[in-house]
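Now for the letters of each chain:
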Amino acid sequence: LFQCALNRLICMSLQLCEYQIFFKNLAIFNLPRLKSGKYPPIFLRVGTTDPKVKSKVETVLRDNTQDAEWFKVEQLRFSTTFDRLFNSDMQLAVICGGFNFGSIKLPFASYARFQDGEEVEFQKRLEVPYKFIRGPAPGPVELRGIFFYNNFPTFAQMTGGVHTDTGIEDAVPAHRMCRKPHVRVKYLSDKPSMRAELMMIPNREEKGKLVESHT
């Protein structure tokens with residue numbers, strides 16, 4: 001029983017979490033006119049680039065306006081593991097008449113917040129295909145928004161390691177951004193024979209790094 005409990009702690013990255021992303025607001029600014037002379041009727045479709053996650057949410061339609069904003073957006077819910085989340089992106093697509101008018105990607109590893117409810121703000125330029133627009137573009141089109149997470153994992157996430165009386169040996173973190181255990185940790189990359197191999201793995205922790213206990 002004691003060994004099982006240790007294994008569950010070390011292999012926490014295999015834990016499926018039900019993530020929730022709440023959108024305080026989303027907006028698009030400086031839309032160009034269509035060839036018809038009107039501004040495009042658009043809505044936003046939000047999902048992830050993880051092929052195993054099928055969840056998507058859509059905003060209501062905004063018609064014939066250069067600047068569109070949404071304040072009541074359905075929350076995005078999906079189940080995934082920490083390592084899969086941090087190796088994928090949130091994707092926001094602008095849909096016009098059934099076509100993708102343009103899209104942006106927000107890497108979860110760059111827009112993560114481990115404190116539930118802590119707001120994340122983004123502002124990214126949107127590339128609009130010229131075949132849709134009339135004349136020269138009026139300027140850069142921008143997507144902006146504020147969102148926050150709920151149910152982010154609070155435990156350390158590791159894909160390997162052995163728990164000993166002095167801490168965790170041969171530890172392999174799920175991602176360089178994941179939280180550290182509150183015990184002494186010796187990473188697998190401390191071993192000279194493993195350094196060359198681990199350098200080829202993306203998002204691996206720095207070689208030879210030692211994390212002291214916070215307790």
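Check the entry above for the structure.
Notes on the structure follow.

Cut-offs used in this document
Residues numbered from 1 in each chain as written. Predicted model: local features only at pLDDT ≥ 70, side-chain atom pairs only at ≥ 80, totals over all residues. Heavy atoms only, no water. Helix = DSSP H or I, 4+ residues; strand = E, 2+ residues; numbered from the N terminus. Buried < 20%, exposed > 50% of the residue type's maximum accessible area, 1.4 Å probe, protein only. Polar contact = N/O pair within 3.5 Å; in protein donor to acceptor, adjacent residues only side chain to side chain. Contact = heavy atoms within 4.5 Å. Pairing = 2+ DSSP bridges.

For Thr 59, the position within the fold is in the loop between strand S3 (57-58) and strand S4 (68-70). Judged by relative accessible area, which is 10%, Thr 59 ranks as buried. A polar atom in the side chain of Thr 59 sits 2.8 Å from the backbone nitrogen of Leu 44. One polar contact links Thr 59 to Trp 70, side chain to side chain, over a distance of 3.2 Å. Those residues within four positions of Thr 59 in sequence are excluded, and the remaining contacts are Leu 26, Phe 43, Leu 44, Trp 70 and Val 73.

Relative to the helices and strands, Thr 80 is located in strand S5 (residues 76-80). Overall, Thr 80 belongs to the buried group, its relative accessible area being 1%. Side chain to side chain, Thr 80 and Arg 84 meet in a polar contact 3.2 Å long.

Taken together, 4 strands build an open sheet; the order of strands is S3-S2-S6-S7 and the sheet is antiparallel. Strand pairing shows two members of the sheet lacking a second neighbour, S3 and strand S7 (99-107), which therefore form its edges. The pairing of strand S6 (residues 89-96) with S7 spans 8 bridges and is classified as antiparallel. Note on S7: the bridge partner recorded for Val 94 is Gly 102.

So far we have only geometry, and geometry alone does not tell us how the molecule works.
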